[in-house]
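# Analysis of the macromolecular model
Residues per chain are reported as follows:
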Amino acid sequence: MIAAIFRLPWFWSWFGAVLMVVAIIAVSGGAAGAGVVSAALLFGSFFVIVAIGQMLVITTGPGNVDLSIPSSMTLVATVAMKVMDGSDGMILVGLLLALVLGILIGSANYLVIRLLNIPPIIATLSTSFIYQSLAIWYNRGLRIKPPEALGDFATGKILGLPYLAIATIMLAAIMHVVLRRTVYGQSVLAIGQNARAARLAGINVNRVRYLTYTLCAVFSAICGFFLAAFSGGAALNMGEEYLLASIAVVVIGGTSVAGGFSNVPGLWGAALFMFLLVTMLNTFGLGAGPRLILTGLIIIGVILAASGRDR
Amino acid sequence: MRDIINPRLFRTLLPAVSLAILLAAIFYIQPRAMSYFGLNLMLNLAIPIALATIAQMFILCVNDLDLSIGSYVSLMACIAATLLQETPLLGILAIAGCIAVYAALGALIQLRNLPSIVVTLGMSFVWLGIAVMLLPTPGGEAPGWIRSLMTLKPAYVPFPIIASIVIALVVHIALMKSSYGVVLRGAGGNARAVERSGWSMVRIKATMFALAGFFGALSGIALVGLTTSADANIALRYTLLSIAGVILGGGEFVGGRVSPIGAVIGAITLTLTGSFLSFLRLNPDWQIGAQGAILIIVLALRVLINRLEARK
């Protein structure tokens, strides 16, 4: 029974997250603990949104990683903030625009992958360079404030629970069901396990992969949109940490890097763990250097432990 | 027409042709660039990028990917500007230690069958952390001998060109012509076959990663020689640039198909994109975008050539 719990793919990330909370409360007291958990839920939401997309992409098999997430986030956020121009009446337009841009970016990514017949890593690397340039060119160093109502939503809370966290938990629940219960979700898993077998079984592999890359870009767009709303505007380096974070959250969350096996609950555990780990190291008064080193070693430790796990 | 152009030959020459076209365009727009001083200025920064690209090429050759090379080169630059300058022996030991870590990573990835993307992703945090501890704020000073090496002004041919040719040829001879080089590349093509014939895959991976660590160290040292001081984020963009350089130079993502000469040419092409845009008086904002566009164009040309070959 206990051994069965240990083998659950999401167990270790949640275990780590809980451990961090306990450590933080032990050091700085319960009141601080509650604040930290609320902050972790908020920042964890941003990680989880991009990680869901990255998870779908990684699940479709080895070599599938979307490196364009940070630049897509930045480009979408920049354009959306500029179009909304701080006016509350434009929020819906801005959100729709962000979603459309996400679909366009995902389509462009898959077009390059298909037409050039190259590994997705290289394709998304090349396109990310272009998105980044577009964002720099469009932005012109301006930082436009998000509409007030949008900013209020992104920073707002109810009973200590951030609105964004509630929305992201719902999103994660929906994606969990999509993966488990829909034809699309099962196709993603099947392609990751054996693309040839999936094709012979009548799955339209190209369509599923196209949908996956588009979904990933749409999630990046949503994340960029709300991150800019939360942090008072789009910045050119806003997406920077999300490339590594998205991959790390997916892997720590128990999704197989080799593809064919994914886990949504683990994403939340891993996102909380990653944020709380940094917070805990901060509370212990560690500088940026040791904090980075420990983060890196823990990522490697998790993948080492996971390699011994039979799934 | 189709009989005259041999697709395979054209594919081999594609990296060089792309570079030649780019250079011709630069010289056409700005004839003054076609001078000793102009070339020196344009190509200086190509040396560390070429070395980092070679490092990435060793990793790609065994079907792995190094997402940490940028932060590793940054760390090497920091070590060169601090330890290597103040206490040379300690500096050399530190660099050797880091190369040993690279070798150990290669062995670990092979032994436990780990995904290199995740391991090197974790290592990128570690390297960056050490660099931040070593140099919390930008600073340090390049050792005099590195500085004088990187600012050499040989007669007739600018130093960056000589350095690029030497790097490309040395690695080409070692990896493409030597018998052990064939084994190393074979490990990327068919690991099982290489293992069956008695070679240790663990040792091969460790060797390839150590070589990457060695060339990454050279890249960091060369970079510091040019910039004279270092900081922890100095070379972070090299991670993506080096992957792009290998692919641009004709390397394939799997199967041990790489080309050292191509990789150096790819790195130079990416470096020159920046100069090209500034000569066009285009906004430097587009530099990264142009690098992406060149990558896509060259890859598209390669697909065309492959199609041509298949039709024959």
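The structure reproduced in this document is the subject of the present report. The structure presented is a predicted model; accordingly, all values stated were derived computationally and were not measured. Residue positions are counted from 1 within each chain, in the order its sequence is given. Chains and ligands are labelled sequentially in the order written, the chains with letters from A and the ligands with numbers from 1. Given that the model is predicted, a residue must reach a pLDDT of at least 70 before its local features are reported, and side-chain atom pairs must reach 80 or more before they are shown or counted; all residues, however, enter totals for whole chains, interfaces and linings. Each side-chain value is worked out from all heavy atoms of the structure, with water and hydrogens disregarded.

### Some remarks on the overall build of chain B
Helix numbers and strand numbers start at the N terminus; a helix is a DSSP run of H or I with at least 4 residues, a strand a run of E with at least 2. The helix and strand inventory of chain B stands at 15 helices and zero strands. As defined in this context, the radius of gyration uses C-alpha atoms, and a globule is described by 2.2 Å times the residue total to the power 0.38. For 312 residues, the compact-globule formula gives about 20 Å, and the C-alpha radius of gyration of chain B, at 20 Å, lands near that figure. C-alpha atoms of chain B, sized along the principal axes, occupy 60 × 55 × 35 Å. Think of it in three bands: residues with accessible area under 20% of the maximum for their type are buried, residues over 50% are exposed, and the middle band is partly exposed, with areas taken using a 1.4 Å probe on protein chains only. Burial analysis of chain B (312 residues in total) assigns 54% to the buried set. Residue contacts follow a heavy-atom distance rule, with two residues in contact if any of their heavy atoms lie within 4.5 Å. In chain B, the proportion of contacts linking residues at least 24 apart, taken out of those at least 6 apart, comes to 79%. Note on areas: Shrake-Rupley, 1.4 Å probe, and residue coverage restricted to the protein chains presented here. Total accessible area on chain B is roughly 13500 Å²; 67% of this is exposed by carbon and sulfur atoms. Neither His nor the chain ends contribute to the count of charged residues, in which Lys and Arg are positive and Asp and Glu negative. Note that the charge is assigned to NZ on lysines, CZ on arginines, CG on aspartates and CD on glutamates. Averaging the locations of the 20 positively and 10 negatively charged side chains of chain B gives two centres separated by 10 Å.

### Section: the packing of helix α6 (residues 88–111) of chain B against helix α12 (residues 201–227) of chain B
Residue and element names in this part refer to chain B. Geometry is summarised by axes, namely lines fitted to C-alpha atoms with helices restricted to the contacting stretch, and by angles between N-to-C directions that run from 0 to 180 degrees. Following both chains from N to C, one finds α6 and α12 inclined at 145°, their axes separated by 7 Å at the closest point. The crossing of α6 and α12 is right-handed. Every residue of α12 that contacts α6 at Ile95, Ile99, Tyr102, Ala103, Leu105, Gly106, Ala107, Ile109, Gln110 and Leu111 is listed here: Met201, Val202, Lys205, Ala206, Phe209, Ala210, Ala212, Gly213, Phe214, Ala217 and Ile221. Should the near helix be turned counterclockwise from the far one by less than a right angle, the crossing is left-handed, whereas a clockwise turn marks it as right-handed.

### Section: helix α4 (residues 69–81) of chain B
For a helix, the expected span equals 1.5 Å multiplied by the number of residues minus one. With 13 residues, α4 of chain B extends 18 Å from end C-alpha to end C-alpha; this agrees with the ideal 18 Å at 1.5 Å per step. Of all 13 residues in α4 of chain B, 13 are buried, a share of seventy percent or more.

### So, the packing of aromatic side chains
All names here are of chain A. When the centres of two rings from Phe, Tyr and Trp lie within 6.5 Å, Trp using its six-membered ring, the rings pair. Their planes under 30 degrees apart give stacked, over 60 give edge-to-face, and anything left gives tilted. Across all of its chains, the model carries 19 aromatic pairs over all chains by this definition. For the pair phenylalanine 43 and phenylalanine 275, a centre-to-centre distance of 5.2 Å together with 5° between the ring planes defines the contact as stacked. Of this pair, phenylalanine 43 sits in helix α3 (residues 30–59) while phenylalanine 275 sits in helix α13 (residues 264–283), and the two are 232 residues apart along the sequence. A relative accessible area of 18% places phenylalanine 275 in the buried class. Put simply, the rings of Phe43, Phe46, Phe230 and Phe275 touch in pairs and so form one group of aromatic residues.

By themselves these figures say nothing about function.
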